[in-house]
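Residues per chain, in single letters:
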Amino acid sequence: MLTGTVVEFGGHRGLGTVRGDDGRELAFHCTSVADGSRSMEAGTTVAFSVVAGHHGRWEASDVSPVPG
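To keep things clear, this report deals only with the structure shown in the data block. A quick note: this is a predicted structure, and the numbers were derived from the prediction, not measured.

How each quantity is defined
- Residues numbered from 1 in each chain as written.
- Predicted model: local features only at pLDDT ≥ 70, side-chain atom pairs only at ≥ 80, totals over all residues.
- Heavy atoms only, no water.
- Salt bridge = Lys/Arg side-chain N within 4 Å of Asp/Glu carboxyl O.
- Buried < 20%, exposed > 50% of the residue type's maximum accessible area, 1.4 Å probe, protein only.
- Pairing = 2+ DSSP bridges.
- Helix = DSSP H or I, 4+ residues; strand = E, 2+ residues; numbered from the N terminus.
- Core = buried A, V, L, I, M, F, W, Y, C linked by side-chain atoms within 4.5 Å.
- Contact = heavy atoms within 4.5 Å.
- Phe/Tyr/Trp six-rings, centres within 6.5 Å; stacked < 30°, edge-to-face > 60°.

1. Side note on the pattern of salt bridges
Part 1: Applying the stated criterion across every chain yields a total of two salt bridges.
Part 2: A salt bridge links Asp22 to Arg24; the nearest nitrogen and oxygen atoms lie 4.0 Å apart.
Part 3: Since its relative accessible area comes to 58%, Asp22 is described here as exposed.

Given below as structure tokens:
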């Protein structure tokens, strides 16, 4: 699992962006939020996996808040 920060999340469309600690930005969909809440606040520190997404792009998956 990698760690990073949620840059933005648009609840209307369910799309967000996470910036990994390595500086890479990856998109994620609300269905990729691990706890099933389908939302995520910008600025939240998260752990996530990187998977091959639709259209050949890399995406964040299993996005979950890191306690602390």
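2. A closer look at the pairing of strand β2 (residues 15-20)
Part 1: The sheet contact formed by strand β1 (residues 2-10) and β2 spans six bridges and is antiparallel. Bridged to Gly4 within β2 is Gly20.
Part 2: In textbook terms, the turn of a hairpin is the stretch between consecutive antiparallel strands, and for β1 and β2 this stretch comprises four residues, one of which, Gly14, has a positive phi near 75 degrees.
Part 3: The pairing of β2 with strand β3 (residues 25-29) spans five bridges and is classified as antiparallel. Its bridge partner being in β3, Gly16 is matched across the sheet by Phe28.
Part 4: The antiparallel hairpin formed by β2 and β3 contains four residues in its connecting segment, where Gly23 sits at a positive phi of about 95 degrees.

3. Looking at the nonpolar core
Part 1: Membership of the largest hydrophobic core is limited to 12 residues, which are Val6, Phe9, Val18, Leu26, Phe28, Cys30, Val33, Met40, Val46, Phe48, Ala60 and Val63.
Part 2: Of all the elements in the fold, those that place two or more residues in this core are β1, β3, β4 (45-52) and β5 (58-65).
Part 3: Ignoring sequence-local partners within four residues, the contact set of Met40 consists of Val6, Phe9, Phe28, Val33, Val46, Val63 and Pro65.

4. Thoughts on the packing of aromatic side chains
One pair of aromatic rings is described through two measures. These are the centre distance and the angle between the planes.
Part 1: On inspection of all chains with the given rule, the structure shows one aromatic pair.
Part 2: Judged by centre distance (5.7 Å) and plane angle (20 degrees), the rings of Phe9 and Phe28 are stacked. Linking Phe9 in strand β1 with Phe28 in strand β3, this pair joins segments that are 19 residues apart in sequence.
Part 3: Of the residues examined, Phe28 reaches a relative accessible area of 2% and is grouped as buried.

5. Observations concerning the pairing of β4
Part 1: Relative to β4, β1 is paired through four bridges, and the arrangement is antiparallel. When the bridges of β4 are listed, Thr5 appears paired with Thr45.

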